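These are the residues of each chain, in order.
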Amino acid sequence: MQRTFFHNGAFTRLEDAIRHHLDVVSVPIVLSDTEFRQLVDFVRNGLLDDRAWPQKMRLLIPKEVPSGRPVLRFEF
């Protein structure tokens, strides 16, 4: 399965999607090559972990919170 990024699948490489976000119109964000590689590594290994299946993540949603405020309900 090829991953795509953004709601319309505009990018097929994570690096290209991150570069797009760093190159905003009004204030470009400049990273060194090392910083860029570290950011890509964090997103790839921290946020796109193959073990983070929706079925597993659902188990982390609390039934209630200490404040007593309503907990968001998700449709699965």
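Details of the structure are given in the entry above.
Let me sum up the structure you'll find in this document. Not measured: the values here are computed from a predicted model.

### Observations concerning helix 1 (residues 14–22)
- Listed as buried for helix 1 are L14, E15, A17, I18 and L22. The arc that holds the buried residues of helix 1, viewed along the axis, is 165°, so those residues lie on one side.
- Elements that come into contact with the buried residues of helix 1 comprise helix 2 (33–47).

### A few points about the packing of helix 1 against helix 2
- Running from amino to carboxyl end, helix 1 crosses helix 2 at an angle of 120°, the nearest separation of the two axes being 10 Å. Both helix 1 and helix 2 take part in a crossing whose hand is right-handed. Judged by residue contacts, L14, E15, I18, R19 and L22 of helix 1 engage F36, L39, V40, V43 and R44 from helix 2.
- Its residues assigned to classes, the contact of helix 1 with helix 2 shows 7 nonpolar, no polar and 3 charged.

### Observations concerning the pattern of salt bridges
- Following the criterion strictly, the structure yields 3 salt bridges and no others.
- R13 is the partner of D16 in a salt bridge, and the nearest nitrogen-oxygen pair spans 3.0 Å.
- By relative accessible area, which is 42% here, R13 ends up partly exposed.
- A salt bridge links R44 to E15, with the shortest nitrogen-to-oxygen separation between them at 3.1 Å. Of this pair, R44 sits in helix 2 while E15 is found in helix 1, placing the two residues 29 residues apart along the sequence.
- A cluster of three or more residues bridged by salt bridges with shared partners is formed by R13, E15, D16 and R44.

Parameters at a glance
- Residues numbered from 1 in each chain as written.
- Predicted model: local features only at pLDDT ≥ 70, side-chain atom pairs only at ≥ 80, totals over all residues.
- Heavy atoms only, no water.
- Buried < 20%, exposed > 50% of the residue type's maximum accessible area, 1.4 Å probe, protein only.
- Helix = DSSP H or I, 4+ residues; strand = E, 2+ residues; numbered from the N terminus.
- Arc of directions from axis to C-beta.
- Contact = heavy atoms within 4.5 Å.
- Axes fitted to C-alpha atoms, helices over the stretch in contact; angles between N-to-C directions.
- Left-handed = near helix turned anticlockwise from the far one by under 90°.
- Nonpolar A, V, L, I, M, F, W, Y, C, P; charged D, E, K, R; others polar.
- Salt bridge = Lys/Arg side-chain N within 4 Å of Asp/Glu carboxyl O.

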